[in-house]
Amino acid sequence: MRPIANVRLPSLTDRVYTELVNAVVAGELAPGDRLTDRRLAEQLGVSRTPIREALQRMVSTGLVDPRGRTGWTVAVLRPRDIQELFELRSLLEPAGVRHIVEDNDPTTAQELSTYFDRFGDSVPAARHEEYLGVDRSFHSRIVGLSSNRRIVAAYRTVDLQIDLGRHRLTMLSQERIDQTLAEHRAIAAAIAAGDLDTALAALHGHLTNGQEMLLETLRARATKAAASAEIAATH
């Protein structure tokens, strides 16, 4: 019998990476914030090496941008970024829906139809984070069921940016949270019924609404920032 391989524990860099990603997605590190390995090392109680390694990994995911030779900034989502991100989603996610419906597997249909059963008609504020996790899992599951490794890999590379946009969007209002809940259930119900056209239309509507709401949020923030700058300039 061959020896059982040692279980690989997460490296320090992996743990730092996870901590920083969560901070960016949750908004604890805000868009445009300047990051330095020295300050983050002090905050996390680690050396600067795993901080630098984690930040370089985050550059590849689009969550942070390099700034000079020794600095980084939290990436700012701009209208073009949002448009490109949702365009990519509209190409990748329908592939999963088509495969699920064409495969006609009742087990999968049942799984997706009950994905949001833990929530009622509305998601209370205390459960928003839980809901966002289920939201992410739902869309990732749909793409994963495409059985196309390249589609899955492509989606995985932008998944963190998608999650970032998801948090930015659902932080808007209770109304938008509940709207996405209804949209998710409509997608799942159409898939369970084997109605491909309705499922694709529901998914398209969900993605279109998400893009428009997020673009509206960016425009509102830009207007508010401009107004604040104007007021500051007059004092």
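Attention now goes to the pattern of salt bridges. Inspection of the entire model under this criterion finds 11 salt bridges. A salt bridge links Asp37 to Arg48; its shortest N-O distance comes to 3.4 Å. Of this pair, Asp37 sits in helix H2 (residues 37–44) while Arg48 sits in helix H3 (residues 48–61), placing them 11 residues apart in sequence. Relative accessible area serves as the criterion here: at 5%, Asp37 is assigned to the buried category.

In this section: the sheet that holds strand E2 (residues 64–67). Taken in spatial order, the 3 strands make up an open sheet running E1-E3-E2, and their pairing is antiparallel. Bordering the open sheet on either side are strand E1 (34–36) and E2, each of which pairs with just one other strand. The mean angle between the axes of side-by-side strands here comes to 35 degrees, regardless of whether they run parallel or antiparallel. Note: E2 against strand E3 (residues 71–74), 4 bridges, orientation antiparallel. The partner of Arg67 across the bridge, within E3, is Gly71.

Before going further, it helps to spend a moment on unusual backbone geometry. Here Asn104, not a glycine, exhibits a phi torsion of approximately 55 degrees, which is positive. If you trace the backbone, Asn104 turns up in the loop between helix H4 (79–103) and helix H5 (106–113). Phi angles above zero are rare outside glycine, and Ser147 is one such case at about 60 degrees. Take Ser147: it is sitting in the loop between helix H6 (128–144) and helix H7 (149–170).

Between its terminal C-alpha atoms H4 stretches 37 Å, which fits the 36 Å expected from 25 residues at 1.5 Å a residue. Restricting attention to buried positions, one finds in H4 the residues Ile82, Leu85, Phe86, Arg89, Leu92, Glu93, Pro94, Gly96, Val97, Ile100 and Val101. Asn104 occupies a position one or two residues after H4 and carries a positive phi of about 55 degrees.

If you look at the biggest cluster of nonpolar residues, it comprises 50 residues, and the most contacted ones within it are Met58 and Ile191. Residue contacts for Met58: discarding those within four places in its chain leaves Tyr17, Leu20, Val21, Val24, Leu63 and Val64. Counting 8 residues, the second largest nonpolar core, distinct from the first, contains Leu85, Leu92, Val143 and Ile162.

Cut-offs and rules
The residue count restarts for each chain, going from 1 along the sequence in the order it is written. This being a predicted model, a pLDDT of at least 70 is required before a residue's local features are given, and a value of 80 or more before pairs of side-chain atoms are given or counted; all residues contribute to the totals for chains, interfaces and linings. The side-chain quantities take in all heavy atoms of the structure and omit both hydrogens and water. In what follows, salt bridge is the name for a side-chain nitrogen of Lys or Arg lying within 4 Å of a carboxyl oxygen of Asp or Glu. A run of H or I in DSSP becomes a helix once it reaches four residues, and a run of E becomes a strand once it reaches two; helices and strands are each numbered from the N terminus. In this scheme, a residue with accessible area under 20% of its type's maximum is buried, one over 50% is exposed, and one in between is partly exposed, where area comes from a 1.4 Å probe on protein chains only. Think of it this way: DSSP has to see at least two bridges between two strands before they count as a pair. Whenever a helix is involved, its axis is fitted only over the stretch in contact; in every case the axis is a line through C-alpha atoms, and angles between N-to-C directions fall within 0 to 180 degrees. Multiplying 1.5 Å by the helix residue count minus one yields the expected span of that helix. For the purposes of this section, nonpolar cores are sets of buried Ala, Val, Leu, Ile, Met, Phe, Trp, Tyr and Cys residues that join through side-chain atoms within 4.5 Å. Contact between two residues is taken to exist if any of their heavy atoms lie within 4.5 Å; hydrogens are not considered.

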